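# Structural features, examined
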Amino acid sequence: MTTTPTTDSRITNATLRSALFTHARPPRPSALSASLTFGWRALLKIKYVPEQLLDVIAIPIIFTLMFTYLFGGALAGSTGEYLQFLLPGTLVMTVVLVTMYAGVGLNTDITTGVFDRFRSMSIWRPAPIVGALLGDVGRYLLASTLVIMLGLVLGFRPGGGVIGVLLTVALVLVFAFSLSWIFTVLGLIMRTPSAVMSVGTVVLFPLTLASNVFVNPQTMPGWLQAFIGINPVAHLVTAARSLMMHGTVTAGQIGWVLLTSAALTAIFAPLTMLLYRNKR
Amino acid sequence: MDTPSDFAIETQDLTKVFSKTRAVEAVNLTVHTGSVYGFLGPNGAGKTTMIRMLATLLRPDDGTARVFGHDVVHETDAVRRRVSLTGQFASVDEDLSGLENLMLLGRLLGYSRAQARARANELLDAFDLAEAAHRQVKKFSGGMRRKLDIAASLVVTPDLLFLDEPTTGLDPRSRNQVWEIIRAIVANGTTVLLTTQYLDEADQLASRIAVIDHGKIIAEGTNGQLKSSVGSGAVHVRLFDPEQRPEAERLLSQALGVSVRLESDPAALSAQVAASPTAHETGERVALALAELSRSGIAVTDFALGQPSLDEVFLALTGHPAQDHVNIKEEAL
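Each chain has its residues counted from 1, running along the sequence as written. Each chain gets a letter, beginning with A, and each ligand a number, beginning with 1, in the order they are written. Residues qualify for local features only when their pLDDT is at least 70, as the model is predicted, and side-chain atom pairs are given and counted only at 80 or more; totals for whole chains, interfaces and linings, by contrast, use all residues.

## Overview of the overall build of chain B
A tally of regular secondary structure across chain B gives eleven helices and 14 strands. Field definition: a residue is buried when 20 or more other C-beta atoms are found within 10 Å of its C-beta, exposed when 12 or fewer are, and partly exposed for counts in between, with C-beta atoms placed from the backbone. Looking at the 333 residues of chain B, the share that counts as buried comes to 47%. A helix here means a DSSP run of H or I that spans at least four residues, while a strand means a run of E at least two residues long, and both kinds are numbered starting from the N terminus.

## Comments concerning the overall build of chain A
Check the secondary structure of chain A and you find twelve helices and zero strands. Mapped in sequence order, the helices and strands of chain A form the string α-α-α-α-α-α-α-α-α-α-α-α. Considered along the principal axes of its C-alpha atoms, chain A spans approximately 80 × 40 × 35 Å. Within the span of chain A, comprising 280 residues, buried residues form 44% of the whole. By sequence separation, contacts in chain A at least 24 residues apart represent 79% of the contacts at least 6 residues apart. We call two residues in contact when the distance between their C-beta atoms, placed using the backbone, is within 7 Å.

## A closer look at the sheet that holds strand E7 (residues 160-164) of chain B
All names here are of chain B. A pair of strands counts as paired when DSSP detects no fewer than two bridges linking them. Spatial strand order, E6-E7-E8-E3-E9-E10: six strands in an open sheet with mixed pairing. Lying at the two open borders of the sheet, with one neighbouring strand each, are strand E6 (83-86) and strand E10 (216-222). On average, each strand axis in the sheet is tilted by 15° relative to the strand beside it, whichever way the strands run. The sheet contact formed by E6 and E7 spans four bridges and is parallel. Bridge assignment links Ser84 to a residue of E7, and that residue is Leu161. Orientation is described by lines fitted to C-alpha atoms, with helices fitted over the stretch in contact, and by angles between N-to-C directions that extend from 0 to 180 degrees.

## Focus on the interface of chain A and chain B
Listed per partner, the contact involves 37 residues of chain A and 48 residues of chain B. Of all the elements in the fold, those that place two or more residues in the side of chain A that touches chain B are helix H1 (13-20), helix H2 (31-48) and helix H6 (113-119) of chain A. In this classification, the charged set is Asp, Glu, Lys and Arg, the nonpolar set is Ala, Val, Leu, Ile, Met, Phe, Trp, Tyr, Cys and Pro, and all remaining amino acids, among them Gly, are polar. Residue composition of the side of chain A that touches chain B, by class: 17 nonpolar, nine polar and eleven charged.

## Here's the deal with the pairing of E7(B)
Residue and element names in this part refer to chain B. Within E7, five of the five residues are buried, which leaves it mostly tucked inside the rest of the structure. Every second residue of E7 is oriented toward a common face, with Leu160, Phe162 and Asp164 on one face and Leu161 and Leu163 on the other, all of them buried. In this structure, E7 lies alongside strand E8 (residues 191-196), joined through five bridges in parallel fashion. Note on E8: the bridge partner recorded for Asp164 is Thr195. Think of it like this: strands point away, you trace from the first strand over the helix to the second, and a clockwise trace means the crossover is right-handed. Traced from E7 through helix H6 (residues 172-187) to E8, the parallel crossover comes out right-handed.

## Comments concerning helix H4 (residues 113-126) of chain B
In a regular helix each residue adds 1.5 Å, so 14 residues correspond to 20 Å; H4(B) covers 20 Å between its end C-alpha atoms and thus fits that length. Taken together, the buried residues of H4(B) touch H1 of chain A together with helix H3 (98-108) and helix H5 (142-152) of chain B. Immediately downstream of H4(B), the backbone of Asp128(B) shows phi near 60°, a positive value. A helix is expected to span 1.5 Å multiplied by its residue count minus one.

## Thoughts on the confidence of the model for chain B
All names here are of chain B. Mean pLDDT over chain B works out to 85, with 88% of the residues at or above the 70 mark. Scored between 0 and 100, pLDDT is the confidence that the predictor attaches to each residue. Across chain B, H3 holds the top mean pLDDT of 96, while helix H11 (residues 310-318) sits lowest at 69. This stretch, residues 325-333, has a pLDDT under 50; its non-local contacts, to residues over four places away or in other chains, come to 15 contacts. Here the complex is predicted with pTM 0.79, and the ipTM for its interfaces comes to 0.81.

## A word on the sheet that holds strand E11 (residues 234-239) of chain B
Through backbone hydrogen bonds, the strands of a sheet pair up, either in parallel or in antiparallel fashion. All names here are of chain B. With respect to topology, four strands assemble into an open sheet ordered E12-E13-E11-E14, the strand pairing being antiparallel. Among the strands making up the open sheet, the edge pair consists of strand E12 (261-262) and strand E14 (300-306). Across six bridges, E11 lies against E14 in antiparallel orientation. Counterpart to Val237 in the pairing with E14 is Phe303. Sheet contacts for helix H9 (residues 245-256): E11, E12 and strand E13 (268-272); angle to E13, the most-contacted strand, approximately 15°.

## Looking at helix H4 (residues 79-98) of chain A
Along its length, H4(A) reaches its greatest deviation from straightness, about 40°, at Leu86(A), and the proline Pro88(A) lies no more than four positions downstream. Most of H4(A) is tucked away, with 16 of its 20 residues classed as buried. One fitted axis covers the seven residues ending at a residue, a second covers the seven starting there, and the bend at that residue is the angle between these axes.

## Quick word on the packing of helix H8 (residues 161-189) of chain A against helix H12 (residues 251-277) of chain A
All names here are of chain A. Here H8 crosses H12 at 25°, and the two axes come no closer than 8 Å. It follows that H8 is roughly parallel to H12 by the angle criterion. Judged by the twist between their axes, the crossing of H8 over H12 is left-handed. Contacts between H8 and H12 pair Leu171, Val174, Phe175, Ser178, Leu179, Trp181, Ile182, Thr184, Val185, Leu188 and Ile189 from the former with Ile254, Val257, Ser261, Leu264, Thr265, Phe268, Ala269, Leu271, Thr272, Leu275 and Tyr276 from the latter. When its residues are assigned to classes, the contact of H8 with H12 shows 17 nonpolar, five polar and no charged. Oblique is the label for any angle not covered by the other classes, which are roughly parallel (under 35 degrees), roughly antiparallel (over 145) and roughly perpendicular (65 to 115). In this scheme the handedness of a crossing depends on how the near helix is turned from the far one: anticlockwise by less than a right angle means left-handed, clockwise means right-handed.

## Regarding unusual backbone geometry
Residues and elements named next belong to chain B. Despite not being glycine, Phe68 shows a phi value in the positive range, around 50°. Mapped onto the elements of the fold, Phe68 is located in the loop between strand E4 (62-67) and strand E5 (70-71). The backbone of His214 sits at a positive phi, close to 50°, despite the residue not being glycine. By the element assignment, His214 lies in the loop between strand E9 (208-213) and E10. His214 gets classed as partly exposed once you count the C-beta atoms within 10 Å, which come to 19.

## Brief notes about the nonpolar core
In these notes, a nonpolar core means any group of buried Ala, Val, Leu, Ile, Met, Phe, Trp, Tyr and Cys residues linked to one another through C-beta atoms within 7 Å. Core analysis: the biggest nonpolar cluster contains 148 residues, and Val92(A), Val172(A), Ala240(A), Leu54(B), Leu102(B) and Leu123(B) have the highest contact counts within it. For this core, the element with the most residues is H8(A), which contributes 14 residues. Every residue in contact with Leu123(B), bar those within four places of it in the chain, is listed here: Ala19(A), Leu102(B), Ala151(B), Leu154(B) and Val155(B). In terms of nonpolar packing, the next biggest core, distinct from the first, is built from 14 residues, Val237(B), Leu252(B), Leu256(B) and Ala271(B) among them.

## Notes on the domain arrangement of chain B
Domains assigned within chain B are domain 1 (7-228) and domain 2 (232-307). For the purposes of this description, domain bounds are those given by an automatic or database domain assignment. Computed from C-alpha atoms alone, the centre-to-centre distance between domain 1 of chain B and domain 2 of chain B is 40 Å.

## Some words on the packing of H1(A) against H6(B)
What describes two packed helices is the angle between their axes and the distance between those same axes. Packing of H1(A) against H6(B) leaves a shortest axis separation of 10 Å and a crossing angle of 50°. Considering the angle they form, H1(A) stands oblique to H6(B). Remark: the crossing between H1(A) and H6(B) carries right-handed chirality. Counting all contacts with H1(A), which are made through Asn13(A), Leu16(A), Arg17(A) and Leu20(A), the residues of H6(B) involved are Ile181(B), Ala184(B) and Ile185(B). In terms of residue class, the contact of H1(A) with H6(B) is made up of five nonpolar, one polar and one charged.

## Quick look at the pairing of E9(B)
Residues and elements named next belong to chain B. Burial analysis of E9 places five of its six residues in the buried class, the great majority of the element. As paired elements, strand E3 (residues 36-40) and E9 share four bridges and run parallel to each other. Residue pairing in the sheet places Leu40 in a bridge with Val211 of E9. When E9 meets E10, the two strands line up antiparallel, connected through six bridges. The residue of E10 that forms the bridge with Ile209 is Gly221. Where E9 folds back on E10, the antiparallel hairpin that results is connected by two residues, among which His214 adopts a positive phi of roughly 50°.

Written out as structure tokens, the structure reads:
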């Protein structure tokens, strides 16, 4: 049945009144509980709009297949050997590119009336955004799983074992979560979701391409090597390679990634909240 | 804790300026606890801006506003714990189902998962939405969406409920349902502040009305006070035989005590009915006038006694008709 009943009598005064009867307000939920509720909302949306996962699924598959078979023979002598080098890189690249959608989603969401309702409720203020990012972490996890599964099918054999792979994924997720805050800022500043995409692409492509994802930077000119030396994505790739291939990582490799993550969060999370609070 | 207050809302010189537009200008307002207060005005008059400031969504540029004694700028959390907002545009998540929307809000209000589900089902039943519980809101009809939107504001019974144009765009049946619901909410003790573009809606639901134009309150009072300042509306009569119009004009003007207007339709006449203390009396006077026509053998094909429209209210109060101030884009947000 698609229509509402033909009389008003189905809304009876008795049920209405009993439903309205003053309900005591439960205690305010904790910051964590409120954030997790918003994370649940993000996951529910995936249930209804599975198309939004297309990017998460397509990007890793295309990148891994294309680069392995396009460059593998030329760069490493065989596609199999190149895959060992490339896969930690495509894992990082995929997840880093997917962070863009944190801003796109927020930009779409925040202009709807439902955000007004959230903002007029007595909840931990950052919860709607933190929750959405937690939902995004779910997508990052999915993208990571896809890349690794595909790699295993193609012949990737991580020397670091299960532990090495899990630690790599964890490190990538921490970095991606921190990087997402840049996109929440963009999502709050830019006028349309497609503008967020454009700026995101302009920022992310140099970060992922001018790095050690595809090749060893040794043959590159000095200025590019210098850039890669400070590019956090390159450091993440180095750490990921080391963890996946050998199951070990130096304090310097991991420290740099964690430091960058902390710095990104420390700068862009408060900025996001400031913009969010003043959003009309 | 909560300071006791007789007033649900008190504002003093409340002002909001968007670039050059003074969207709300020096509004002084008091709303008694337990009453239904209506904001009446055209699009862009500043109604939504007022509500957004009172619901802590927008900071005033000047003046103060208190909700149950709590300042809307400095005690936002205390205000938020007592109010609910149903915005002009769907303030529910269109991607989720009805049940999920209400559960989401229940969880955010502090209910456990099981409690939130029970409360959501209770509300869906009460609002006759049970069959749509598992349907995405974007597939709801306008009336269902509105009801869910109002239910979403009642997951925990608020002390003050903001309803921004609750029936705009609804068909008459859904509008009646929403009116029923609003009356039940009020009977339950919740103070309601509603905005509307329709005088009859404000008249049906509100006990006091403020007429808003260009960000200012241009008239304020009980329904009776407001209507008597405007007149009770117009009576429209259409005759079977246009030849009899001059005679009908004479009789009507005599019986109603006002001058009668001849419409461009050669069989039609209309007259503004003078203000009288009760609607009852007005009706009686018009009935007598019609009886007068029938006694003189003048056949009437159409007859209507209308409440003054928003246009007529505005004309009477401001001297200019109500216009949509479309240049103020904030109402569209």
